[in-house]
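# Reading the structure
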Amino acid sequence: MSFSLSDDCGTCEDESQEEAEVARPLVSETEGSSTEVAEPRLGTGLIDTGDPATELGHSERQTWSRQMDFIMSCVGFAVGLGNVWRFPYLCYKNGGGVFLIPYLLMVFVGGVPVFFLEIALGQFMKQGGVATWNIAPLFKGLGLASMVIVFFCNTYYIMVLVWGLYFLAHSFTSPLPWATCGHEWNTVNCTTNFSRVCLNQSLSPSPANVSSLNTSASCLEHTGLRSSVMEFWERKVLRLSGGLDEVGDINGYLVLCLLATWVIVYFCIWKGVKSAGKVVYFTAVFPYLVLVVLFVHGVSLPGAVNGIIYYLKPDWSKLSEAQVWIDAATQIFFSYAIGLGALTALGSYNRFNNNCYQDAFILALINSGTSFFAGFVVFSVLGFMAAEQGVDISNVAESGPGLAFIAYPKAVSLMPLAPLWAIHFSLCLSQFVGVEGFITGIMDMLPPKSFLCSLRREVVVAICCFTCFTIDLSMVTQGGMYVFQLFDYYSASGITLLWQAFWECVVVAWVYGADRFMDDVACMIGYRPLPYMKWCWSYVTPVVCMGVFMFHVVNYKRLVYNAVYVYPWWGEVLGWFLALSSMLCIPLTVLYKLLHCKGSLRERWQHLTTPVWGRHHLEFLPPENEARLLPKAEENKNTLLYESVI
C-alpha cells in the first residue's frame, strides 16, 4: 500500500518511507520513562498518547517560542482594534446599553464555540488558510473565503493604525493641536468652551414642562458650534469631501503615515511567528495600561456618570432592529477574528498537545472583557462632552468609525502631560497579527516545486504588503472615509462573517462529524470538551448564524455615513461585489470539485470528503484505517493548481 504526504508546500515523500512511518506504532516518549505502545482509540482512528503534555515532533513548521506568545498574539489582535475602536462605536451607534444584550448572547452561542473550533482546527491540521480545510477537501472554498475576507480586512483596517500614527505625529506639541482652535483647519464656529456660549440661555427661565436638554439643544442649534476635536478629525485628518464620487486630493501626510505603518507591519512579521511573538507583548499589554489611565481620568470628569448610565441603560425598542443584531454578530466574529483565517493560522503554530480548549475560554474572557471596559472609557468621555456642549449623549459626536478618534483624543487633551498620553494612545493599535494570518495561508497553499513556492517568506510578505498599500491609497484621499466604510460594511461585514461561520460549523459538525472532531480534540488535550461545544457546532450556532443572516437580507437598508450621506447605487454595487467575492468562494469551489471528479455522485462525495492528512497525523493513524489515507499526488495536482490560482 502506498501513500502520499503533504507538507507546508505540498511536496510528496518516498513511498517506502511513508509505509514505514505509517507502520510505526505511536509511542509516548517522556523523560525518564519507558517506551510503551499506545492503543488506538475506538471509532476515531487516532491513538491516545496518554500524556497530553507530550510534545510531538513537527520540525518543519515553526512553533511559538512560548505558549504565551500565542495568547498575546490573539489578545493584541483584538485589543488593538476590535475592542478599543470598533465596539464603542457600534455600541454608540445602536443606542448604548441595549447593544450589550445581543452582544452577550452572541458570545455564548457563536463567539466561544466557533472561536474554539478555529483554534483547535488549526492546531490539529498544523496548517493555515486553505490547507486547514484538508479535513474536508470538498469545502476548501471556506479557506479561500477566509483568505479573501482577511485580505480585505488587512487592507482597510490598517487605516485605523494610519490615523493613530497621524495623531502620534501631532502629539509632540503642547498644547495638543486638537485641544485648541485658531488653526488653519478650524472654522469660525470652532470652540473649546460650550458652557460659556450657552450660559445665558441656560440661566433664562423656562416652562416647567420644557427640559434642559431641549434648551441646550436649541442653544447649539442657533450657534452651530463645533468642537475643536471634531474639526481636527474631519477637517485636518480626513479633509472629508462631499461624497464617494468626490475623490479629492491625496493627503500627503497620510500617505507617509500609511507607508510607515506597512513598513512597521512588514518587519514585525517578515520572519514569521518567531519575530512576531516578540512584538505581541508590547501590543497586548501596553493598551491595557493606557485604557486604565484613561478610565480613571474619564470617570472624574463632570458628566461622566451620565455617559456611563447611557452605556449601561438599555433602550428595549432597539432590540427589534435588525441592524443591532447584525452589528452584534459582526463585532463578536470580528473581534474574535472568526472567519478571517487568523485563528487557524495562529493555532497551527501551537504544539500539537497544547490545551487549546483552555486557551479559547481565557481569550474569550479577555476579549469580551476588554470590549466592555473600553465602553466605559469612551462613554465616560462622551458624557463629559455632552455636559460640556449641553446636548444629549446621542448627539454629541458622529456615530461612525471616527468615534474613537474623537472620544480618546478628547480624553487625552484633558489630562496632565497631554502630549505624553497622546503618544501612548497612538501606540496602542496593532494589526500585524491579521497580516500574519493571511501570509500563513498564502505560504501553505503555494504549489510545490513552483517559482512561488521557492520564494523566501520575506519576499512574499513584501509583495502582500505592497499590494495592500496600493489599494489603501484610495483611503487617504478626501473621499477616503467613504471608501473605508464601504469596505467595513461589506467586505468583512456581518453577512460575510455569518455566512463563513455557518459553513464552518456545518462542515465540521455534519460533514467531518462533531463527535469525530471532539475525539480529535481529546487526542490533543487529553480529555473531551463539554458537550455544549458539540451542540453549538451542530445546532445552535448554525441556526443563529443563518437566522441573523436572513434577518439582515430581509431588512437590508442602504449604507449611510454618519446618518447623513446616503451612498449612491453604484457604491452599493461595489460593496456587494466585495461581499460576494468571498461568499461565492464556497459554493463555486464545491461545484468545481464535484464536476471535475470521476464516478457517481456518491463516490465523488465520498472521495472529496475524505480528509487529507499531513505527515504529523501518521503518528496517530493506524495503517488499516482506509478512510484516513491521503489521496495520490496525481489526483490532487489539478485541484492544487486551481486553488493556487484563486
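Sequence order as written defines residue numbering, which begins from 1 separately in each chain. In view of the model being predicted, local features appear only for residues whose pLDDT reaches at least 70, and side-chain atom pairs are presented and counted only at 80 or more, with totals across whole chains, interfaces and linings using the full set of residues. The side-chain quantities take in all heavy atoms of the structure and omit both hydrogens and water.

The protein chain appears in an unreviewed UniProt entry as Transporter from Cyprinus carpio. UniProt positions are given in the numbering used here, feature names are shortened, and annotations may be inferred rather than shown by experiment. Per UniProt, the protein chain has the following entry under Subcellular location (unreviewed entry): "Membrane". UniProt lists a comment for the protein chain under the heading Sequence similarities (unreviewed entry), and it reads "Belongs to the sodium:neurotransmitter symporter (SNF) (TC 2.A.22) family."

What follows deals with the overall build of the protein chain. The helix and strand labels rest on DSSP assignments: H or I over at least four residues marks a helix, E over at least two residues marks a strand, and numbering proceeds from the N terminus. Of the regular secondary structure elements, the protein chain holds 26 helices and four strands. Of all 646 residues assigned to the protein chain, the portion counted as buried reaches 60%. Contacts between residues were defined by any pair of non-hydrogen atoms, one from each residue, lying within 4.5 Å. Long-range pairs, those at least 24 residues apart, make up 83% of the contacts in the protein chain between residues at least 6 apart in sequence. For the accessible areas, the method is Shrake-Rupley and the probe is 1.4 Å, while residue cover comes only from the protein chains on display. Accessible surface, the protein chain: about 25600 Å² in total, of which carbon and sulfur atoms supply 64%. Throughout this description, buried means an accessible area under 20% of the type-specific maximum (1.4 Å probe, protein chains only), exposed means over 50%, and partly exposed covers the range between.

On to the side chain of asparagine 134, then. Mapped onto the elements, asparagine 134 comes out in the loop between helix H3 (100–125) and helix H4 (141–169). Of note is the side chain of asparagine 134, whose polar atom sits 2.8 Å from the side chain of lysine 140. Look past the residues within four positions of asparagine 134 in its chain and what remains in contact with it is Met125, Gln127, Lys140, Thr610, Pro611 and Val612. Polar contacts, as counted here, are pairs of nitrogen or oxygen atoms within 3.5 Å of one another; within protein the pair requires one atom able to donate a hydrogen and one able to accept it, and residues that are adjacent in sequence qualify only if both atoms are side-chain atoms.

A word on the packing of helix H23 (residues 569–583) against helix H24 (residues 585–595). Note on geometry: axes are lines fitted to C-alpha atoms, helical ones only across the stretch in contact, with angles between N-to-C directions running from 0 to 180 degrees. At a minimum axis distance of 5 Å, the contact between H23 and H24 shows a crossing angle of 40°. With respect to H24, the axis of H23 lies oblique. Every residue of H24 that contacts H23 at Ser581, Ser582 and Met583 is listed here: Cys585, Ile586 and Pro587. Put simply, angles under 35 degrees are roughly parallel, angles over 145 are roughly antiparallel, angles from 65 to 115 are roughly perpendicular, and the rest are oblique.

Here is the rule: rings of Phe, Tyr and Trp (six-membered ring for Trp) pair when centre to centre is within 6.5 Å. Planes less than 30 degrees apart are stacked, more than 60 are edge-to-face, and the remainder are tilted. Inspection of the entire model under this criterion finds 46 aromatic pairs. Consider the rings of phenylalanine 124 and phenylalanine 352, whose centres lie 5.9 Å apart with planes at 40°: the pair is tilted. Of the two residues, phenylalanine 124 sits in helix H3 while phenylalanine 352 sits in the loop between helix H13 (342–347) and helix H14 (356–389), which places them 228 residues apart along the sequence. In terms of burial, phenylalanine 124 and phenylalanine 352 fall into one category: buried.

Further remarks concern the UniProt feature "binding site: Na(+)" (unreviewed entry) in the protein chain. Here the UniProt feature "binding site: Na(+)" (unreviewed entry) sits at Gly76, Ala78, Val79, Asn83, Ser335, Asn367 and Ser430. In this structure, asparagine 83 sits in helix H2 (residues 67–93).

The subject of this paragraph is H4. The length a helix should cover is 1.5 Å for every residue beyond the first. The end-to-end C-alpha distance of H4, which contains 29 residues, comes to 42 Å, matching closely the 42 Å that a straight helix rising 1.5 Å per residue would cover. In this scheme, the bend at a residue equals the angle between the axes fitted to the seven residues that finish there and the seven that begin there. At asparagine 154, H4 is deflected by roughly 30°, the largest bend along its length. Most of H4 sits out of view: 26 of its 29 residues are buried.

What follows deals with the environment of lysine 534. Positionally, lysine 534 belongs in helix H22 (residues 531–554). When its relative accessible area of 22% is taken as the criterion, lysine 534 is described as partly exposed. Expressed as a C-alpha distance, the spacing of lysine 534 and alanine 509, which sit 25 residues apart in the sequence, is 7.5 Å. Those residues in contact with lysine 534, other than ones at most four positions away along the chain, are Ala514, Asp515 and Met518. Of the polar contacts made by the side chain of lysine 534, one reaches the side chain of aspartate 515; its length is 3.0 Å.

The nonpolar side chains of a soluble globular protein tend to be buried with one another. Here, nonpolar core refers to any group of buried Ala, Val, Leu, Ile, Met, Phe, Trp, Tyr and Cys residues whose side-chain atoms link them within 4.5 Å. Formed by 175 residues in total, the largest nonpolar core has its most connected members in Phe116, Trp163, Trp233, Trp262, Phe333, Leu382 and Phe517. Ranked by the residues each element gives to this core, the list is headed by H4, at 19 residues.

Every patch collects residues that have over 30% relative accessible area and no salt bridge, joining them within 9 Å if they carry like charges and within 5 Å if they are nonpolar side chains (Val, Leu, Ile, Met, Phe, Trp, Tyr). For this document, the term salt bridge refers to a Lys or Arg side-chain nitrogen within 4 Å of an Asp or Glu carboxyl oxygen. Together, Trp510, Trp535, Tyr539 and Val540 line one region of the surface with nonpolar side chains, adding up to about 480 Å² of accessible area. For the nonpolar patch, the element with the most residues is H22, which contributes three residues. Its place among the elements puts tyrosine 539 in helix H22.

For the rest of this paragraph, the subject is unusual backbone geometry. Residues other than glycine seldom take positive phi values, yet lysine 126 does so here, at roughly 60°. Relative to the helices and strands, lysine 126 is located in the loop between H3 and H4. What makes lysine 126 buried here is its relative accessible area of 4%. Of note, arginine 239 is a non-glycine position whose phi angle comes to about 50°, a positive value. Tracing the sequence through the fold places arginine 239 in the loop between helix H8 (228–238) and helix H9 (252–269).

Right, let's get into the state of the cysteines. Disulfide: a pair of cysteine sulfur atoms within 2.5 Å of each other. Applying the stated rule across the entire model yields one disulfide. Sulfur-sulfur distance for the disulfide between cysteine 181 and cysteine 190 comes to 2.0 Å. On the sign convention where negative is left-handed, the bridge of cysteine 181 and cysteine 190, at about -80° about the S-S bond, is left-handed. Classification of cysteine 181 as partly exposed rests on a relative accessible area of 28%. Under the relative-accessibility criterion, cysteine 190 is labelled buried at 13%. For the unlinked cysteine cysteine 465, the closest cysteine sulfur is that of cysteine 468, found at 6.8 Å. Looking at cysteine 465, the relative accessible area reads 5%, which means it is buried.

So, on to the pattern of salt bridges. Summed over the entire model, instances satisfying the criterion amount to five salt bridges. Residue arginine 528 pairs with aspartate 515 through a salt bridge whose shortest N-O separation is 3.7 Å. Placement of the pair is arginine 528 in the loop between helix H21 (494–525) and H22 and aspartate 515 in helix H21, with a sequence separation of 13 residues. Given the relative accessible area of 41%, aspartate 515 is considered partly exposed. The closest approach of N and O atoms between glutamate 572 and arginine 558, which form a salt bridge, is 2.8 Å. Residue glutamate 572 is found in helix H23, and its partner arginine 558 is found in the loop between H22 and strand S3 (560–561); the two are separated by 14 residues along the sequence. Taking relative accessible area as the criterion, arginine 558 reaches 45% and is therefore assigned partly exposed. In the salt-bridge network here, residues are joined through shared partners; they are Asp515, Asp519, Arg528 and Lys534.

A separate point is the environment of tyrosine 157. Tracing the backbone through its elements, the reader meets tyrosine 157 in helix H4. Since its relative accessible area comes to 1%, tyrosine 157 is described here as buried.

Moving on, we get to helix H20 (residues 480–491). A rise of 1.5 Å per residue sets the reference length of H20, with its twelve residues, at 16 Å; its end C-alpha atoms lie 16 Å apart and thus fit the reference within 8%. Along H20, twelve of the twelve residues are buried, which leaves the element largely enclosed by surrounding structure. Of all the positions in H20, only Gly480, Met481, Tyr482, Val483, Phe484, Gln485, Leu486, Phe487, Asp488, Tyr489, Tyr490 and Ser491 are classed as buried.

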